[in-house]
Amino acid sequence: MAEKSTHRKDFLSCHVCSETFRDPVSLSCSHSFCSSCLQKFWEQDKNKQVEQTYNEVIEHSKKQLLSTERQIRAEFNKLHQFLREEEESRLAALREEEEQKGRTISREMKMIEEQISSLSDSISAVEEELQKHSVPFLSSYKATQSRAQSSLSDPQLLSGALIDVAKHLGNLSFRVWEKIKEKLHFSPVILDPNTANPCLCLSDDLTSVRRGDTKQQLPDNPERNTEYVNVLGSEGFSSGKHSWEVEVGDHPDWSVGLVKKSADRKEKRLASPKYGFWCFIYRSGKYTNGNNQTVRVKKSLQRIRVQLDYDRGEVSFYNPEDMTHICTHRHTFTEKLFPYFSVGKSGDTKTCDIKICQ
(Lines give C-alpha, C1' and ligand atoms only; values in the text may rest on other atoms or scores of the structure.)
Protein backbone atom coordinates (compact mmCIF):
# COMPACT_ATOMS: atom_id res chain seq x y z
CA MET A 1 0.00 0.00 0.00
CA ALA A 2 2.83 2.37 0.80
CA GLU A 3 4.26 1.79 -2.70
CA LYS A 4 0.92 2.54 -4.35
CA SER A 5 0.55 5.68 -2.25
CA THR A 6 3.98 6.87 -3.30
CA HIS A 7 3.21 6.19 -6.97
CA ARG A 8 -0.07 8.11 -6.72
CA LYS A 9 1.74 11.02 -5.09
CA ASP A 10 4.30 11.11 -7.91
CA PHE A 11 1.48 11.07 -10.44
CA LEU A 12 -0.14 14.09 -8.77
CA SER A 13 3.13 15.99 -8.23
CA CYS A 14 4.75 18.63 -10.44
CA HIS A 15 8.18 17.56 -11.69
CA VAL A 16 9.51 21.10 -11.23
CA CYS A 17 8.47 22.00 -7.67
CA SER A 18 7.75 18.40 -6.50
CA GLU A 19 4.52 19.63 -4.90
CA THR A 20 0.94 18.61 -5.63
CA PHE A 21 -0.25 20.23 -8.86
CA ARG A 22 -1.54 23.80 -8.62
CA ASP A 23 -3.48 24.76 -11.74
CA PRO A 24 -1.97 21.84 -13.72
CA VAL A 25 -1.12 22.12 -17.44
CA SER A 26 -0.51 19.12 -19.73
CA LEU A 27 1.88 19.33 -22.69
CA SER A 28 1.73 17.46 -25.98
CA CYS A 29 4.37 15.07 -24.63
CA SER A 30 1.82 13.99 -21.95
CA HIS A 31 3.84 15.52 -19.10
CA SER A 32 2.05 17.79 -16.63
CA PHE A 33 3.29 20.77 -14.62
CA CYS A 34 2.00 23.58 -12.46
CA SER A 35 1.04 26.49 -14.68
CA SER A 36 3.23 28.90 -12.69
CA CYS A 37 6.19 26.47 -12.72
CA LEU A 38 5.90 26.03 -16.47
CA GLN A 39 5.70 29.79 -17.01
CA LYS A 40 8.76 30.34 -14.84
CA PHE A 41 10.66 27.62 -16.73
CA TRP A 42 9.81 29.19 -20.10
CA GLU A 43 10.92 32.61 -18.90
CA GLN A 44 14.20 31.16 -17.67
CA ASP A 45 14.67 29.25 -20.91
CA LYS A 46 13.98 32.39 -22.91
CA ASN A 47 16.57 34.31 -20.83
CA LYS A 48 19.03 31.54 -21.60
CA GLN A 49 18.27 32.01 -25.40
CA VAL A 50 18.64 35.81 -25.18
CA GLU A 51 21.97 35.43 -23.41
CA GLN A 52 23.16 33.01 -26.09
CA THR A 53 22.13 35.44 -28.82
CA TYR A 54 24.06 38.25 -27.13
CA ASN A 55 27.12 36.02 -26.87
CA GLU A 56 26.80 35.25 -30.56
CA VAL A 57 26.50 38.98 -31.28
CA ILE A 58 29.66 39.69 -29.29
CA GLU A 59 31.62 36.99 -31.13
CA HIS A 60 30.32 38.13 -34.50
CA SER A 61 31.14 41.75 -33.67
CA LYS A 62 34.75 40.74 -33.03
CA LYS A 63 34.87 39.04 -36.43
CA GLN A 64 33.28 42.11 -38.03
CA LEU A 65 35.91 44.31 -36.38
CA LEU A 66 38.79 42.30 -37.80
CA SER A 67 37.22 41.91 -41.24
CA THR A 68 36.21 45.56 -41.55
CA GLU A 69 39.60 46.73 -40.30
CA ARG A 70 41.29 44.53 -42.91
CA GLN A 71 39.12 45.93 -45.70
CA ILE A 72 39.63 49.54 -44.57
CA ARG A 73 43.40 49.00 -44.61
CA ALA A 74 43.17 47.38 -48.04
CA GLU A 75 41.22 50.34 -49.46
CA PHE A 76 43.64 52.87 -47.99
CA ASN A 77 46.59 50.84 -49.23
CA LYS A 78 45.15 51.18 -52.74
CA LEU A 79 44.88 54.94 -52.25
CA HIS A 80 48.39 55.13 -50.79
CA GLN A 81 49.75 53.12 -53.73
CA PHE A 82 47.99 55.41 -56.19
CA LEU A 83 49.38 58.50 -54.46
CA ARG A 84 52.90 57.03 -54.39
CA GLU A 85 52.71 56.20 -58.10
CA GLU A 86 51.28 59.63 -58.88
CA GLU A 87 54.04 61.30 -56.86
CA GLU A 88 56.74 59.35 -58.72
CA SER A 89 55.08 60.12 -62.05
CA ARG A 90 55.03 63.86 -61.39
CA LEU A 91 58.60 63.88 -60.08
CA ALA A 92 59.68 61.96 -63.18
CA ALA A 93 57.93 64.56 -65.37
CA LEU A 94 59.76 67.32 -63.49
CA ARG A 95 63.13 65.59 -63.96
CA GLU A 96 62.38 64.95 -67.63
CA GLU A 97 61.65 68.64 -68.20
CA GLU A 98 64.87 69.62 -66.42
CA GLU A 99 66.87 67.22 -68.59
CA GLN A 100 65.15 68.42 -71.76
CA LYS A 101 65.79 72.07 -70.90
CA GLY A 102 69.40 71.17 -70.07
CA ARG A 103 69.85 69.49 -73.48
CA THR A 104 68.39 72.53 -75.24
CA ILE A 105 70.71 74.92 -73.37
CA SER A 106 73.67 72.65 -74.11
CA ARG A 107 72.90 72.78 -77.85
CA GLU A 108 72.66 76.57 -77.74
CA MET A 109 75.93 76.83 -75.83
CA LYS A 110 77.64 74.53 -78.32
CA MET A 111 76.47 76.71 -81.22
CA ILE A 112 77.80 79.82 -79.47
CA GLU A 113 81.11 78.09 -78.78
CA GLU A 114 81.38 77.14 -82.45
CA GLN A 115 80.64 80.74 -83.48
CA ILE A 116 83.24 82.05 -81.01
CA SER A 117 85.77 79.54 -82.35
CA SER A 118 85.06 80.64 -85.93
CA LEU A 119 85.40 84.29 -84.96
CA SER A 120 88.69 83.57 -83.16
CA ASP A 121 90.04 81.93 -86.32
CA SER A 122 89.10 85.00 -88.35
CA ILE A 123 90.79 87.34 -85.86
CA SER A 124 93.94 85.24 -85.91
CA ALA A 125 93.98 85.32 -89.72
CA VAL A 126 93.59 89.11 -89.80
CA GLU A 127 96.32 89.55 -87.22
CA GLU A 128 98.57 87.36 -89.36
CA GLU A 129 97.88 89.53 -92.40
CA LEU A 130 98.72 92.65 -90.39
CA GLN A 131 102.16 91.26 -89.69
CA LYS A 132 102.99 91.23 -93.41
CA HIS A 133 104.89 94.03 -95.22
CA SER A 134 102.88 96.95 -96.45
CA VAL A 135 102.82 96.03 -100.16
CA PRO A 136 101.48 92.44 -99.70
CA PHE A 137 99.07 93.73 -97.07
CA LEU A 138 97.74 96.43 -99.36
CA SER A 139 97.36 93.98 -102.25
CA SER A 140 95.17 91.70 -100.07
CA TYR A 141 93.45 94.48 -98.18
CA LYS A 142 89.97 93.92 -99.59
CA ALA A 143 90.07 90.20 -98.76
CA THR A 144 91.38 90.93 -95.28
CA GLN A 145 88.71 93.57 -94.76
CA SER A 146 86.00 91.15 -95.80
CA ARG A 147 87.37 88.45 -93.50
CA ALA A 148 87.49 90.89 -90.58
CA GLN A 149 83.80 91.70 -90.93
CA SER A 150 81.55 89.42 -88.84
CA SER A 151 77.89 88.73 -89.54
CA LEU A 152 77.37 87.14 -86.13
CA SER A 153 74.71 88.76 -83.94
CA ASP A 154 75.04 89.10 -80.23
CA PRO A 155 74.00 85.85 -78.49
CA GLN A 156 70.55 85.97 -76.89
CA LEU A 157 69.38 84.05 -73.81
CA LEU A 158 67.00 81.26 -74.87
CA SER A 159 63.33 81.88 -73.98
CA GLY A 160 61.67 79.18 -71.87
CA ALA A 161 64.96 77.87 -70.53
CA LEU A 162 63.68 77.72 -66.95
CA ILE A 163 61.53 74.91 -65.53
CA ASP A 164 57.80 75.62 -65.72
CA VAL A 165 57.24 75.50 -61.97
CA ALA A 166 53.63 76.70 -62.27
CA LYS A 167 52.79 73.72 -64.49
CA HIS A 168 54.05 71.26 -61.87
CA LEU A 169 52.73 72.94 -58.73
CA GLY A 170 49.62 74.79 -59.88
CA ASN A 171 46.45 73.24 -58.38
CA LEU A 172 48.48 70.09 -57.72
CA SER A 173 46.20 68.63 -55.05
CA PHE A 174 43.08 69.40 -57.08
CA ARG A 175 44.45 67.75 -60.23
CA VAL A 176 45.47 64.66 -58.25
CA TRP A 177 41.99 64.54 -56.70
CA GLU A 178 40.43 64.66 -60.18
CA LYS A 179 42.52 61.65 -61.20
CA ILE A 180 41.43 59.82 -58.06
CA LYS A 181 37.79 60.51 -58.99
CA GLU A 182 38.35 58.87 -62.37
CA LYS A 183 39.48 55.68 -60.63
CA LEU A 184 36.87 55.59 -57.87
CA HIS A 185 33.21 54.68 -58.22
CA PHE A 186 30.11 55.69 -56.30
CA SER A 187 27.33 53.23 -55.55
CA PRO A 188 23.86 54.73 -54.93
CA VAL A 189 22.94 51.82 -52.63
CA ILE A 190 25.13 49.97 -50.11
CA LEU A 191 23.95 46.60 -48.78
CA ASP A 192 23.63 46.14 -45.03
CA PRO A 193 25.31 42.85 -43.97
CA ASN A 194 23.49 42.94 -40.61
CA THR A 195 20.19 42.38 -42.47
CA ALA A 196 21.46 39.60 -44.76
CA ASN A 197 20.00 36.11 -44.52
CA PRO A 198 22.73 33.63 -43.46
CA CYS A 199 22.49 31.93 -46.86
CA LEU A 200 23.60 35.09 -48.67
CA CYS A 201 27.17 36.19 -49.43
CA LEU A 202 27.95 39.87 -49.93
CA SER A 203 30.92 41.31 -51.81
CA ASP A 204 33.62 43.17 -49.86
CA ASP A 205 32.43 46.51 -51.21
CA LEU A 206 28.81 45.64 -50.24
CA THR A 207 27.42 46.26 -53.75
CA SER A 208 26.62 42.70 -54.88
CA VAL A 209 25.03 39.59 -53.38
CA ARG A 210 24.78 35.91 -54.26
CA ARG A 211 23.26 32.78 -52.80
CA GLY A 212 25.91 30.77 -50.93
CA ASP A 213 26.35 27.01 -50.89
CA THR A 214 26.14 26.75 -47.11
CA LYS A 215 24.37 28.58 -44.32
CA GLN A 216 26.66 30.87 -42.33
CA GLN A 217 26.69 30.97 -38.55
CA LEU A 218 25.38 34.48 -37.88
CA PRO A 219 23.66 35.94 -34.81
CA ASP A 220 19.88 36.22 -35.00
CA ASN A 221 19.88 39.97 -34.39
CA PRO A 222 16.53 41.81 -34.82
CA GLU A 223 17.56 43.36 -38.15
CA ARG A 224 18.42 40.06 -39.84
CA ASN A 225 16.10 38.40 -42.36
CA THR A 226 15.90 34.75 -41.34
CA GLU A 227 12.98 33.15 -43.20
CA TYR A 228 13.76 34.35 -46.73
CA VAL A 229 17.04 34.95 -48.58
CA ASN A 230 16.77 38.73 -48.41
CA VAL A 231 19.11 41.63 -47.74
CA LEU A 232 18.31 45.33 -47.37
CA GLY A 233 20.09 48.51 -48.27
CA SER A 234 21.89 50.32 -45.47
CA GLU A 235 20.12 53.64 -46.04
CA GLY A 236 16.36 54.13 -45.91
CA PHE A 237 14.26 56.85 -47.52
CA SER A 238 11.37 58.81 -46.04
CA SER A 239 11.04 61.56 -48.67
CA GLY A 240 12.17 62.66 -52.12
CA LYS A 241 13.11 60.84 -55.32
CA HIS A 242 15.70 58.07 -55.46
CA SER A 243 16.80 55.59 -58.12
CA TRP A 244 19.39 52.90 -58.77
CA GLU A 245 20.06 50.15 -61.26
CA VAL A 246 20.56 46.46 -60.56
CA GLU A 247 22.42 44.13 -62.91
CA VAL A 248 20.72 40.72 -62.93
CA GLY A 249 22.20 39.19 -66.09
CA ASP A 250 20.76 35.74 -66.72
CA HIS A 251 20.19 34.92 -63.04
CA PRO A 252 17.04 32.75 -62.81
CA ASP A 253 15.66 33.77 -59.41
CA TRP A 254 15.63 37.28 -57.96
CA SER A 255 13.50 40.07 -56.59
CA VAL A 256 14.29 43.79 -56.29
CA GLY A 257 12.38 46.78 -54.93
CA LEU A 258 11.66 48.40 -51.59
CA VAL A 259 10.34 47.28 -48.22
CA LYS A 260 8.96 49.23 -45.28
CA LYS A 261 11.04 49.36 -42.10
CA SER A 262 8.51 47.54 -39.93
CA ALA A 263 8.06 44.57 -42.30
CA ASP A 264 8.45 41.26 -40.45
CA ARG A 265 11.91 39.78 -40.97
CA LYS A 266 11.46 36.63 -38.90
CA GLU A 267 8.25 35.12 -40.25
CA LYS A 268 7.25 33.80 -43.64
CA ARG A 269 5.64 36.61 -45.59
CA LEU A 270 5.01 37.01 -49.29
CA ALA A 271 6.98 39.83 -50.91
CA SER A 272 3.78 41.71 -51.74
CA PRO A 273 2.41 45.21 -51.01
CA LYS A 274 0.04 43.58 -48.49
CA TYR A 275 3.04 42.97 -46.21
CA GLY A 276 5.00 46.11 -47.06
CA PHE A 277 7.05 44.89 -50.05
CA TRP A 278 6.92 46.75 -53.37
CA CYS A 279 8.93 44.56 -55.71
CA PHE A 280 9.57 43.30 -59.22
CA ILE A 281 10.19 39.55 -59.31
CA TYR A 282 11.68 37.02 -61.75
CA ARG A 283 11.14 33.38 -60.92
CA SER A 284 10.36 30.19 -62.85
CA GLY A 285 10.98 31.95 -66.13
CA LYS A 286 8.41 34.72 -65.69
CA TYR A 287 8.23 38.28 -64.39
CA THR A 288 5.64 39.30 -61.77
CA ASN A 289 4.85 42.50 -59.89
CA GLY A 290 4.57 41.09 -56.36
CA ASN A 291 0.78 40.89 -56.61
CA ASN A 292 1.11 37.56 -58.40
CA GLN A 293 0.35 39.35 -61.67
CA THR A 294 2.46 38.49 -64.70
CA VAL A 295 4.38 41.39 -66.29
CA ARG A 296 5.05 41.22 -70.03
CA VAL A 297 8.42 42.43 -71.34
CA LYS A 298 9.68 42.58 -74.94
CA LYS A 299 12.94 40.78 -74.20
CA SER A 300 14.86 39.28 -71.30
CA LEU A 301 16.02 41.97 -68.89
CA GLN A 302 19.72 42.28 -68.02
CA ARG A 303 19.34 45.33 -65.81
CA ILE A 304 16.50 46.79 -63.76
CA ARG A 305 16.09 50.45 -62.83
CA VAL A 306 14.30 50.93 -59.50
CA GLN A 307 12.78 54.38 -59.05
CA LEU A 308 11.15 55.69 -55.88
CA ASP A 309 9.04 58.85 -55.67
CA TYR A 310 8.23 58.77 -51.97
CA ASP A 311 6.07 61.89 -51.85
CA ARG A 312 3.90 60.78 -54.79
CA GLY A 313 3.74 57.25 -53.38
CA GLU A 314 5.22 55.47 -56.40
CA VAL A 315 7.73 52.64 -56.83
CA SER A 316 8.46 52.13 -60.54
CA PHE A 317 10.61 49.75 -62.52
CA TYR A 318 12.23 50.40 -65.93
CA ASN A 319 14.47 48.75 -68.48
CA PRO A 320 17.46 51.16 -68.33
CA GLU A 321 18.55 50.13 -71.84
CA ASP A 322 15.81 52.28 -73.39
CA MET A 323 13.92 53.41 -70.23
CA THR A 324 10.91 51.30 -71.16
CA HIS A 325 8.40 51.32 -68.30
CA ILE A 326 7.82 47.88 -66.73
CA CYS A 327 5.40 48.40 -63.85
CA THR A 328 4.53 50.76 -60.98
CA HIS A 329 3.28 50.24 -57.41
CA ARG A 330 1.24 53.04 -55.84
CA HIS A 331 0.79 53.46 -52.12
CA THR A 332 0.66 56.14 -49.44
CA PHE A 333 3.92 55.61 -47.60
CA THR A 334 3.99 56.40 -43.90
CA GLU A 335 7.37 55.06 -42.81
CA LYS A 336 10.94 54.68 -44.00
CA LEU A 337 11.55 52.44 -47.03
CA PHE A 338 14.70 50.40 -47.62
CA PRO A 339 16.07 48.97 -50.88
CA TYR A 340 15.25 45.26 -51.01
CA PHE A 341 17.04 42.37 -52.72
CA SER A 342 16.25 38.67 -52.77
CA VAL A 343 18.45 36.06 -54.49
CA GLY A 344 17.72 32.40 -55.19
CA LYS A 345 20.06 29.71 -56.44
CA SER A 346 21.79 30.51 -59.74
CA GLY A 347 22.12 26.92 -60.91
CA ASP A 348 24.34 26.59 -63.97
CA THR A 349 23.71 30.10 -65.29
CA LYS A 350 26.56 32.49 -66.03
CA THR A 351 25.41 35.12 -63.53
CA CYS A 352 25.77 34.18 -59.85
CA ASP A 353 25.52 37.66 -58.31
CA ILE A 354 23.03 40.44 -58.66
CA LYS A 355 24.88 43.72 -58.49
CA ILE A 356 24.08 47.36 -57.82
CA CYS A 357 25.45 49.34 -60.75
CA GLN A 358 27.99 52.07 -59.99
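Residues numbered from 1 in each chain as written. Predicted model: local features only at pLDDT ≥ 70, side-chain atom pairs only at ≥ 80, totals over all residues. Heavy atoms only, no water.

**Q** Please set out the overall build of the protein residue by residue, giving values where relevant.
**A** Helix and strand counts for the protein come out as six helices and 14 strands. Expressed as a percentage of the 358 residues in the protein, the buried residues total 29%. A separation threshold of at least 6 residues defines the contact pool for the protein, and within that pool the share at least 24 residues apart is 62%. Carbon and sulfur atoms form 51% of the exposed surface of the protein, whose accessible area is close to 24700 Å². (Helix = DSSP H or I, 4+ residues; strand = E, 2+ residues; numbered from the N terminus. Buried < 20%, exposed > 50% of the residue type's maximum accessible area, 1.4 Å probe, protein only. Contact = heavy atoms within 4.5 Å. Areas by Shrake-Rupley, 256 points an atom, 1.4 Å probe, with all protein chains shown as cover.)

**Q** Can you tell me about the pairing of strand β8 (residues 277-283), naming the residues and giving the values?
**A** Within β8, six of the seven residues are buried, leaving the element largely enclosed by the surrounding structure. For strand β7 (residues 254-260) and β8, the ladder comprises six bridges, and the chain directions are antiparallel. Bridged to Val-259 within β8 is Phe-277. Bridge count between β8 and strand β9 (residues 286-288): three bridges; the pairing is antiparallel. Bridge pairing links Arg-283 to Lys-286 in β9. Linkage of β8 to β9, two consecutive antiparallel strands, is achieved through a turn of two residues, within which Ser-284 is found at a positive phi near 55 degrees. (Pairing = 2+ DSSP bridges.)

**Q** Before we move on, could you go through the sheet that holds strand β14 (residues 353-356) and cite the residues and values that matter?
**A** One open sheet accounts for seven strands, arranged β3-β4-β14-β6-β10-β11-β12; its pairing is antiparallel. Edge positions in the sheet fall to β3 (200-202) and β12 (324-330), since each has one partner strand and no second. The sheet shows a mean angle of 20 degrees between the axes of neighbouring strands, taken without regard to direction. As paired strands, strand β6 (residues 241-247) and strand β10 (residues 303-309) are joined by seven bridges and run antiparallel to one another. The partner of Trp-244 across the bridge, within β10, is Val-306. (Axes fitted to C-alpha atoms, helices over the stretch in contact; angles between N-to-C directions.)

**Q** Mind laying out the side chain of Glu-314, listing which residues take part and the relevant values?
**A** The residue Glu-314 is located in strand β11 (residues 314-319) in this model. A distance of 3.5 Å separates the side chain of Glu-314 from the side chain of Arg-330, its partner in a polar contact. When residues no more than four places from it in sequence are discounted, the contact partners of Glu-314 are Gln-307, Leu-308, Asp-309, Thr-328, His-329, Arg-330 and Phe-333. (Polar contact = N/O pair within 3.5 Å; in protein donor to acceptor, adjacent residues only side chain to side chain.)

**Q** Lay out the side chain of His-168 in plain terms, naming residues and giving numbers.
**A** Here His-168 lies in helix α5 (residues 165-169). For His-168, the side chain forms a polar contact with the side chain of Glu-97, separated by 2.5 Å. When residues no more than four places from it in sequence are discounted, the contact partners of His-168 are Arg-90, Ala-93, Leu-94, Glu-97, Ile-163 and Arg-175.

**Q** Can you tell me about the environment of Asn-221, naming the residues and giving the values?
**A** Among the secondary structure elements, Asn-221 is positioned in the loop between β4 (208-211) and β5 (230-232). Owing to a relative accessible area of 10%, Asn-221 belongs among the buried residues under this scheme. Those residues in contact with Asn-221 that lie beyond four places of it in its chain are Asn-194 and Lys-266. A polar contact is formed between the side chain of Asn-221 and the backbone oxygen of Asn-194, at a distance of 3.0 Å.

**Q** Report on the environment of Gly-170, specifying residues and quantitative values.
**A** Here Gly-170 lies in the loop between α5 and α6 (172-183). Note on Gly-170: relative accessible area 29%, which makes it partly exposed. Other than its neighbours up to four places away in sequence, Gly-170 contacts Val-165 and Arg-175.

**Q** Which residues make up the packing of aromatic side chains, and what values go with them?
**A** Enumeration according to the criterion identifies eleven aromatic pairs in this entry. Put simply, the rings of Trp-254, Phe-280, Tyr-282, Tyr-287 and Phe-317 pair up and form one aromatic cluster. (Phe/Tyr/Trp six-rings, centres within 6.5 Å; stacked < 30°, edge-to-face > 60°.)

**Q** Describe the sheet that holds β9, listing the residues and the values that go with them.
**A** Sheets are built from strands paired through backbone hydrogen bonds, the pairs being either parallel or antiparallel. The antiparallel open sheet is built from five strands, whose spatial order is β5-β13-β7-β8-β9. Of all the strands in the sheet, just β5 and β9 have a single pairing partner and so form its edges. Direction aside, the axes of adjacent strands within the sheet are offset by 15 degrees on average.

**Q** Run through the layout of surface pockets, naming residues and quoting values.
**A** If you add up the space inside the largest pocket, you get close to 1200 Å³. Lining the largest pocket are 36 residues, and of these Gln-71, Ser-203, Asp-204, Asp-205 and Leu-206 sit closest to its centre. When residues of the lining of the largest pocket are traced back to their parent elements, those giving at least two are α2 (35-130), α6 and β3. A total of 14 residues in the lining of the largest pocket trace back to one element, the largest contributor, which is α2. Tallied by class, residues from the lining of the largest pocket come to 16 nonpolar, twelve polar and eight charged. Each pocket or cavity is described by its volume, and for the second largest pocket that value is around 500 Å³. Residue lining of the second largest pocket: 23 residues in total, with Tyr-228, Leu-270, Ala-271, Ile-281 and Arg-283 positioned closest to the centre. When the residues that make up the lining of the second largest pocket are grouped by side-chain class, the tally is eight nonpolar, nine polar and six charged. (1 Å grid on protein atoms, 1.4 Å probe; cavity = no way out; pocket = protein on both sides within 12 Å on 5 of 7 lines; lining within 4 Å. Points joined across faces, edges and corners; volume = space filled by probe spheres on them. Nonpolar A, V, L, I, M, F, W, Y, C, P; charged D, E, K, R; others polar.)

**Q** Residue-level account of the pattern of salt bridges, with values.
**A** For side chains bearing opposite charge, pairing can occur when the charged atoms are close. If you walk through the whole model with that rule in mind, you get 15 salt bridges. For Glu-96, the salt bridge is made with Arg-103, and the minimal N-O distance between the two is 3.6 Å. Take Glu-96: its relative accessible area is 40%, and that puts it in the partly exposed class. Overall, Arg-103 belongs to the partly exposed group, its relative accessible area being 41%. Salt-bridge contacts for Arg-303 lead to Glu-247; the nearest nitrogen and oxygen are separated by 3.7 Å. With a gap of 56 residues between them, Arg-303 in strand β10 and Glu-247 in strand β6 connect regions that are remote in the sequence. (Salt bridge = Lys/Arg side-chain N within 4 Å of Asp/Glu carboxyl O.)

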